[in-house]
Each structure stands twice: as C-alpha cells, then as structure tokens.
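Structure assessment
Chain residues, written in single-letter form:
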Amino acid sequence: MAPVEPKLVSERPADYAGDVSAEEAWRVLKEEPKARLVDVRTSAEWTFVGLPDLESLGRDLVCVEWQSLPAMQVNPSFPDAVAGALEGADKAAPVFFLCRSGARSRAAAQAMTQAGFKAAYNVAGGFEGDLDAERHRGRKNGWKASGLPWRQT
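Treat the numbers as computed from the prediction; the structure is a model and nothing was measured. (Residues numbered from 1 in each chain as written. Predicted model: local features only at pLDDT ≥ 70, side-chain atom pairs only at ≥ 80, totals over all residues. Heavy atoms only, no water.)

Time to look at the pattern of salt bridges. When charged atoms on two side chains of opposite charge get close, those side chains can pair. Following the criterion strictly, the structure yields six salt bridges and no others. Glutamate 31 is paired through a salt bridge with arginine 27; the nearest N and O atoms lie 2.7 Å apart. In this pair, glutamate 31 and arginine 27 both sit in helix α1 (residues 22-31), four residues apart, roughly one turn of the helix. Bridged by salt links that share partners, the residues Glu24, Arg27 and Glu31 form one connected network. (Salt bridge = Lys/Arg side-chain N within 4 Å of Asp/Glu carboxyl O. Helix = DSSP H or I, 4+ residues; strand = E, 2+ residues; numbered from the N terminus.)

Here it is, written out as structure tokens:
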C-alpha cells in the first residue's frame, strides 16, 4: 500500500516534497505508520521552548540540529545523522521537518531530498509559528498555536 499523501499548503517545489501545515503533519503521523517527524531546532530550543509530543501516537521524535549555537553554522553531518536516526526507514515514506517557523526545516527537507528521501516535507509555521501583530510567536500558526501535543523539559 502506498504511504498517505499529505495535502500541501502551496504548490510543490522542485527540490523537496513541499510544505504542509502542522495539523496536516499530525494527521499523516496518526494515519501513516511509517511517517516520521524530525525537529531540526537547536538543543537550547528543545530545552527551553518545548518539543512536539508524539507519545499518544506511540512514536519517537527525532531531534537533529540543522544549525548549532552559537554561530548557527549548518551542521555538516546533518544528512548522515538523520539517516542514522531513521535507519531502516522507508525512504518513500513521509518525513516531516520542523523548526521554529519553517525556514531551517525547509533547508533540511531540501538536504534530505538530495540524500535520497523521496517524501521530505517542511512543516510550514514550524513549532512556534510566525510573529503576530504584537511580535510574539506561538499564537498565529505552527505546532503550538494549532493546539497539537507538546511538552517542555
């Protein structure tokens, strides 16, 4: 059986599978046993801002930094680290990449597409979402604003 096909929020780009909403990523994670979620934010963000909680789905979240503090240099071993964390995963199954607002995770999805993953998606809006009128995140869109499960350590 073919994997569940996520609904894109915009036209599919040429260099990765496309952008999905946080709600759509959650739907596919619930319906597609092979789907995975990779959080590409920094360890500081995981610790202080929170993490998606996939416990109710019986899934583990994969956390691999796309960029590292303090200089925010791109992690040169990112594709290998993700491939290792997803060892044995179906490279045609959906893999969703999540960051704060959707920029780093788009770059990560592009990198993993180049590494042979056929269904590397960006979660548009990320974990915290875009800035609202008061210049705060977490209220407008993204994982937290959508009311999806998350936790802090």
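Quick look at the pairing of strand β7 (residues 95-98) now. Alternating positions in β7 separate into two faces, Val95 and Phe97 on one and Phe96 and Leu98 on the other, with burial throughout. Examined bridge by bridge, strand β2 (residues 36-39) and β7 share four bridges and lie parallel to one another. Across the sheet, aspartate 39 pairs through a bridge with leucine 98, a residue of β7. For β7 and strand β8 (residues 120-123), the ladder comprises three bridges, and the chain directions are parallel. (Buried < 20%, exposed > 50% of the residue type's maximum accessible area, 1.4 Å probe, protein only. Pairing = 2+ DSSP bridges.)

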